[in-house]
Amino acid sequence: MPKQPKKSVTKADFMLHGGDYNPDQWLDRPDILSDDIKFMKLSHTNTFSVGIFAWSALEPEEGVYTFEWLDEIIDNIYSIGGRVILATPSGARPAWMSQKYPEVLRVNARREKHLHGARHNHCFTSEVYREKTQTINRLLAERYGEHPALIMWHISNEYGGECHCGKCQNAFREWLKVKYNNDLKALNDAWWGPFWSHTIFDWSQIDSPSPIGENAVHGHNLDWKRFVTDQTIDFYKNEIVPIREITPDIPITTNFMADTFDLIPFQGLDYSEFAEHLDVISWDAYPAWHNDWETTADLAMKVGFIDDLYRSMKQQPFLLMESTPSHVNWHEVNKAKRPGMQLLSSMQMIAHGSDSVMYFQWRKSRGSSEKFHGAVVDHDNSPNNRVFQEVAEVGKTLEKLSDVVGTNRKADVAIFYDWESNWALNDAQGYGLKTKRYPQTLQDHYRTFWENDIPVDVVTKEHDFSNYKLLVVPMLYLVSEDTIARLRKYVAAGGRLVMTYISGVVNEHDLTYLGGWHKDLREMFGINPVETDTFFPNDRNAITYAGKTYEVKDYATVIELGNAQAQAVYHDDFYANTPAVTSNSYGEGKTYYIGARLEDDFHRNFYQQLIAELGLAPVVKVTHGKGVSVQTRQSEDTNYVFVMNFTEEEQVVGLESPVTDLVTKESLSGEITLKRYEVRILEAK
């Protein structure tokens, strides 16, 4: 496997360690601010995101600016060798702005005007809000753009949500005019207008989807979600105008998110569209470690999937912008991390491509909604508690990983993820309303590669597929003719393509393909999926594959066989003894269709065969049991191997060749024992 060149994504050549710092909450406590500087050194932290929600402290009255406190904070951080990621404050506007310019506040889908409060309660279309954000961002860039502490811009915070005010309605109509070339017939064709007499005769008749109005036209719903993404990006692009102008060499990020319960990508925005406008992808990770519905290893696998998605977006290291050193405050149960998990979970991020471990938050708030959210500095204001000491241990470890900064991971396997397809599938009034689970299904297919330490890229429709040996495309409900053509080209040139049930059903307008499955898909796969059987929770079927029996649940596709070969057949029901899994040679490549939702052991068996056939292997071979993950980052001459025990028991692992422990500098070979939640970071030449 070829080595990977280093590419530093920030203005720093070391691992970033620190987090969100909110000194504006403590301006009347100089003793606290003084303690912060002392504790930063003791905790081995080096980088701090400042100013994220500081607008009211920076501009307490319209046009009255008080930057002096921020000057002192940044200078003090720099005085101890620290660095700053400076945020723009648009995530929460000051009360004077909402009072004087109520148009900046959002209107919800029920057409109710929001009051001032919370955060992310602003209209992305508002000219006033765009002007105000540009003004303060310009002042920040002019004042701090050349400060030696500044290594990155953090634009706003966790963009999300939508507005349905009159300005946004007009913007949506203009967006649609551009999309459909000012042609109402094209829009009505795409939205299937005659259904329920919903034909549009004038652009002014279009409003955004609403629970008290139009909400069942699927093409309309899909276009609204696309518009929300585009309008959010447009607001972001407006924010960064003065920053790009004044500080063109300072990289820019904004923090992406994931659903914290299921640990799937955030669904409010199409991040594949947003990614191209960022210099660096960063995300906020809050997995519910030690929960009682899954193993630690299962949760770690999901974290790895999200990491690989955000790393793959720009094929470079990403940043962990927020995490918690202990617990959060919004899970149903807010459980503290057990000893060892802080280092292990932090190193997993580095292993999958992060160049940082950052926390929300540096110091716990004394009041309001986040006063019990985990932090480096607790209410005891002491460096002697367990959490602080574990943070310091992470910092000491990161200080020994500077050579890893900028390194990447090469993958021969890709899994295809698509936000638009998930939006459309969730909107579909069919199948099982609670069992669609598109992102979770992708994670099920990812699992075998993670367990076998095979690097994976999680790619989106914007990516080039040609360099992958294997492309896995589960449940791609929405697929355009362009994507079908690209998949066909990929297979014809020698690629291996796996597709599953509920794929290729609708086009980019959420209109079904007529005449059955798309002719190019039928030709590629040598089959025609003619019917999808949706199961009740207690329904079951089974298949026989490679001499073993596997359980079917939720979905089973009835397949009409063409040129393909049946690799498995169903046991029961009216489609007993018909194909359930097929394979087909096409051009220089090969396709596989998995017609049913099957248990994890089937995926292990199926993908293990492909791994063997394609010669896929870990970068560095380490033998281990279930629950241990081995992930590798590569420079041009060195492999950095992270061996991680995501179990509650000791695990023995075997090293195939001698290595050096990057932290302890020990020479290691043969078998080593990992304690529960232990991680070893190895250097292999």
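Relevant structure appears above.
Residues numbered from 1 in each chain as written. Predicted model: local features only at pLDDT ≥ 70, side-chain atom pairs only at ≥ 80, totals over all residues. Heavy atoms only, no water.

## Brief notes about the pattern of salt bridges
No. 1: What the rule picks out here adds up to 42 salt bridges.
No. 2: A salt bridge links Asp-520 to Lys-519; its shortest N-O distance comes to 3.3 Å.
No. 3: Residue class for Lys-519 comes out exposed when judged on its relative accessible area of 54%.
No. 4: Here Glu-551 makes a salt bridge to Arg-540, at a shortest N to O gap of 3.2 Å. Of the two residues, Glu-551 is situated in strand 16 (residues 548-561) and Arg-540 in the loop between strand 14 (527-534) and strand 15 (541-545); the sequence distance between them amounts to eleven residues.
No. 5: We classify Glu-551 as partly exposed; its relative accessible area is 36%.
No. 6: When its relative accessible area of 43% is taken as the criterion, Arg-540 is described as partly exposed.
No. 7: Overlapping salt bridges, with partners in common, bring together Asp-270, Glu-273, Asp-418, Lys-461 and Glu-462 in one network. (Salt bridge = Lys/Arg side-chain N within 4 Å of Asp/Glu carboxyl O. Buried < 20%, exposed > 50% of the residue type's maximum accessible area, 1.4 Å probe, protein only. Helix = DSSP H or I, 4+ residues; strand = E, 2+ residues; numbered from the N terminus.)

## Remarks on the sheet that holds strand 8 (residues 319-322)
No. 1: One open sheet holds the three strands; their spatial order is 6-7-8, and the pairing between them is parallel. In this open sheet, the two strands that pair with only one neighbour each are strand 6 (255-256) and strand 8.
No. 2: In the sheet, strand 7 (residues 282-284) pairs with strand 8 via three bridges, with the strands oriented parallel. Bridged to Asp-284 within strand 8 is Glu-322. (Pairing = 2+ DSSP bridges.)

## Re the sheet that holds strand 3 (residues 83-87)
Either a parallel or an antiparallel arrangement is found when strands of a sheet pair, and the pairing is made through backbone hydrogen bonds.
No. 1: Here we have six strands laid out as an open sheet, ordered 5-4-3-2-1-9, and parallel in their pairing. Only two strands of the sheet have a single partner each, and these edge strands are strand 5 (252-253) and strand 9 (356-359).
No. 2: In the sheet, strand 2 (residues 47-50) pairs with strand 3 via four bridges, with the strands oriented parallel. Within the sheet, the bridge partner assigned to Val-50 lies in strand 3 and is Leu-86.

## Some details on helix 7 (residues 184-191)
No. 1: Along helix 7, the residues classified as buried are Leu-184, Leu-187, Asn-188, Ala-190 and Trp-191. Projected onto a plane normal to the axis of helix 7, the buried residues spread over an arc of 160° and lie on a single side.
No. 2: Summarising the contacts, the buried residues of helix 7 are in contact with helix 6 (166-179) and helix 8 (218-239).
No. 3: Two or three places before Lys-185, at the start of helix 7, stands the capping residue Asp-183, its side-chain oxygen 2.9 Å from that residue's backbone nitrogen.
No. 4: Trp-192 lies just past helix 7 and shows a positive phi near 55°. (Arc of directions from axis to C-beta. Contact = heavy atoms within 4.5 Å. Polar contact = N/O pair within 3.5 Å; in protein donor to acceptor, adjacent residues only side chain to side chain.)

## Things to note about the state of the cysteines
No. 1: The tally for this structure, following the rule as stated, stands at zero disulfides.
No. 2: No disulfide involves Cys-163; its sulfur sits 3.6 Å from the nearest other cysteine sulfur, which is in Cys-165. (Disulfide = S-S within 2.5 Å.)

## Here we look at unusual backbone geometry
No. 1: Residues Phe-360 and Gln-361 are joined by a peptide bond in cis, for which omega reads 15°.
No. 2: Within the secondary structure layout, Gln-361 lies in the loop between strand 9 and helix 13 (386-398).
No. 3: At Asn-381, a residue that is not glycine, the phi angle is positive and equals roughly 55°.
No. 4: Take Asn-381: it is sitting in the loop between strand 9 and helix 13.

## Details of the side chain of Lys-337
No. 1: With respect to the helices and strands, the residue Lys-337 is situated in the loop between strand 8 and helix 12 (341-351).
No. 2: This buried residue, Lys-337, is left without a salt bridge; Glu-390 holds the nearest opposite charge, at 7.7 Å.
No. 3: Within the local environment of Lys-337, its side chain forms a polar contact with the backbone oxygen of Thr-324, the two atoms lying 2.7 Å apart.
No. 4: A polar contact is formed between the side chain of Lys-337 and the side chain of Ser-345, at a distance of 3.3 Å.
No. 5: Once residues within four sequence positions are removed from consideration, Lys-337 is found in contact with Trp-289, His-290, Thr-324, Pro-325, Ser-326, Gln-342, Ser-345 and Arg-386. (Lys, Arg positive; Asp, Glu negative; His and termini not counted.)

## Observations regarding helix 16 (residues 481-492)
No. 1: The first and last C-alpha atoms of helix 16 sit 16 Å apart over twelve residues, in line with the 16 Å expected at 1.5 Å per residue.
No. 2: Those residues of helix 16 that fall on the buried side of the exposure criterion are Thr-483, Ile-484, Leu-487, Tyr-490 and Val-491. The arc enclosing the buried residues of helix 16, seen along the axis, measures out at 120°, which places them on a common side. Away from its buried face by more than 90 degrees, helix 16 exposes Asp-482 and Lys-489.
No. 3: Lining the buried residues of helix 16 we find strand 10 (413-416), strand 12 (470-473), strand 13 (496-500), helix 17 (519-525), strand 18 (579-586) and strand 19 (589-594). (Expected span 1.5 Å × (residues − 1).)

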